[in-house]
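For reference, the chains in residue letters:
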Amino acid sequence: MHVTKPEVGLGKCQYRRDMTDSDLQHLRSAIALSRRSRERGNQPFGALLIGPDGQMLLEAENTVVTGPDCTGHAVTNLMRLASRQFTSDFLAGCSLYASTEPCPMCGGAIFWGGVGRVVFALSERAFYQLVGPVRDGLRVGCRDVFAHGQRAIEVHGPALEDEALAVHRGFWGQPT
C-alpha cells in the first residue's frame, strides 16, 4: 500500500508500508538494540544506519539514563555518529531503521543530517497508547516533522509493531 500525505510545507514526506525481507531483518536488529538498551538500564529504543549497498554502518542505543543526557535518544545518538563520519550527500542514500517512530527531536536530527529513508517498527500512536499520558511526551512523530521540511524523506512503517511493543511492556509503569 502506498499512501502519500498532502504537501504541508515546502517538502514532501512519502508514507509507505511496503517492506522487503531485508527491511524486516534490519527492523528486528533495531528491536534487538532496544532490548539491549533496556537491559543496560536505559529506555528501550534502538536504531541502525544501513548504507546504500545494504551494509550496516552504525548502530546506537538510547542513553538517556546512563548518559545522563535528555538528548540521548537512540536515533539522535546514531545521527551524531553518522554526521561525524559521513557527508549529507552520502546519507541521502542511506536508510535509518528505528525500533520506534522517531520523535520530533530525532526527526530533526534525521532531517538535518540528510538521511533519505526512514523505516520504523512501532508507531508513535501505538507507543503512546501503551504508555498513556507522559509528562514530557510530544505526541508528534517523524512523519509530521518531515512533512514540514524542504526535501522529501521516504518513510516506511509501522511494521512488526507487536515485536517492538513487547520490549516496552512493563518498562513505563504499566502492567506487562
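Residues numbered from 1 in each chain as written. Predicted model: local features only at pLDDT ≥ 70, side-chain atom pairs only at ≥ 80, totals over all residues. Heavy atoms only, no water.

Engineer: Just checking my understanding: could you explain the overall build of the chain for this structure?
Structural biologist: Of regular secondary structure, the chain possesses seven helices and seven strands. Starting at the N terminus, the α and β elements of the chain follow one another as β-β-α-β-β-α-α-β-α-β-α-α-β-α. Burial analysis of the chain (176 residues in total) assigns 48% to the buried set. In the chain, the proportion of contacts linking residues at least 24 apart, taken out of those at least 6 apart, comes to 62%. (Helix = DSSP H or I, 4+ residues; strand = E, 2+ residues; numbered from the N terminus. Buried < 20%, exposed > 50% of the residue type's maximum accessible area, 1.4 Å probe, protein only. Contact = heavy atoms within 4.5 Å.)

Engineer: I keep staring at unusual backbone geometry and nothing clicks. Help me out?
Structural biologist: Outside of glycine, negative phi angles account for most residues, and trans bonds account for most peptide bonds. Each neighbour pair has its own omega, and for Gly157 with Pro158 the value is 5 degrees, a cis peptide bond. Inspection of the secondary structure assignment puts Pro158 in the loop between strand S7 (153-156) and helix H7 (161-168). In this model, Leu160 sits at a positive phi of 60 degrees, which is unusual for a non-glycine residue. As for its position among the elements, Leu160 is in the loop between S7 and H7.

Engineer: Looking at this structure, I do not really get the pairing of strand S5 (residues 95-100). What am I missing?
Structural biologist: Residues in a regular strand point their side chains to alternate faces of the sheet. Burial runs high along S5: six of the six residues are buried. For strand S3 (residues 46-50) and S5, the ladder comprises four bridges, and the chain directions are antiparallel. Bridge pairing in S5 places Leu48 opposite Tyr97. The sheet contact formed by S5 and strand S6 (residues 117-122) spans five bridges and is parallel. Across the sheet, the residue bridging to Thr100 is Leu122, located in S6. Between S5 and its parallel partner S6, the chain crosses via helix H4 (residues 104-113), and the hand of that crossover is right-handed. (Pairing = 2+ DSSP bridges. Right-handed = clockwise from strand over helix to strand, strands pointing away.)

Engineer: Just checking my understanding: could you explain the packing of helix H2 (residues 74-85) against H4 for this structure?
Structural biologist: Each pair of packed helices gets described by two things: the angle between the helix axes and the distance between those axes. At their nearest, the axes of H2 and H4 sit 8 Å apart, and the two run at 20 degrees to each other. If you check the angle between H2 and H4, you find them roughly parallel. Of the two elements, H2 crosses H4, and the hand of that crossing is left-handed. Note on element contacts: H4 touches H2 through Met105, Cys106, Ala109, Ile110 and Gly113, opposite Val75, Thr76 and Met79. The residue inventory of the contact of H2 with H4, partitioned by class, reads six nonpolar, two polar and no charged. (Axes fitted to C-alpha atoms, helices over the stretch in contact; angles between N-to-C directions. Parallel < 35°, antiparallel > 145°, perpendicular 65-115°, else oblique. Left-handed = near helix turned anticlockwise from the far one by under 90°. Nonpolar A, V, L, I, M, F, W, Y, C, P; charged D, E, K, R; others polar.)

Engineer: Is there a simple way to think about the packing of helix H1 (residues 21-39) against H7 in this case?
Structural biologist: For the pair H1 and H7, interaxial distance at closest approach is 9 Å and the crossing angle is 5 degrees. As far as their axial angle goes, H7 and H1 are roughly parallel. Listed contacts from H7 to Arg28, Ile31, Ser34, Arg35 and Arg38 of H1 are Glu163, Ala164, Val167 and His168. Taken together, the residues of the contact of H1 with H7 sort by class into three nonpolar, two polar and four charged.

Engineer: Can you help me understand the packing of aromatic side chains in this one?
Structural biologist: Aromatic rings considered in pairs are described by the distance between their centres and by the relative angle of their planes. Tallying each qualifying case throughout the model produces seven aromatic pairs. When the ring of Phe86 is compared with that of Phe90, the centres are 5.0 Å apart and the planes differ by 25 degrees; the resulting orientation is stacked. By relative accessible area, which is 32% here, Phe90 ends up partly exposed. By way of ring pairs, the aromatic residues Phe45, Phe127, Tyr128, Phe171 and Trp172 are connected into one cluster. (Phe/Tyr/Trp six-rings, centres within 6.5 Å; stacked < 30°, edge-to-face > 60°.)

Engineer: It is not clear to me how the side chain of Ser37 should be interpreted in this structure. Could you clarify?
Structural biologist: The residue Ser37 is located in helix H1 in this model. Other than its neighbours up to four places away in sequence, Ser37 contacts Asn42, Gln43, Phe45, Glu61 and Asn62.

Engineer: Just checking my understanding: could you explain H1 for this structure?
Structural biologist: Along an α-helix, residues three or four positions apart point the same way, because every turn accommodates 3.6 residues. An ideal rise of 1.5 Å per residue puts 27 Å on 19 residues; H1 measures up with 27 Å between its terminal C-alpha atoms. All of the buried residues in H1 are Asp23, His26, Leu27, Ala30, Ile31, Leu33, Ser34 and Ser37. Taken end-on, H1 shows its buried residues confined to a sector of 155 degrees, consistent with a single buried face. Among the exposed residues of H1, those oriented more than 90 degrees off its buried face are Asp21, Gln25 and Glu39. The elements touched by buried residues of H1 are S3, strand S4 (56-61), S5, S6 and H7. One or two residues past the end of H1 sits Gly41, with phi positive at roughly 90 degrees. (Expected span 1.5 Å × (residues − 1). Arc of directions from axis to C-beta.)

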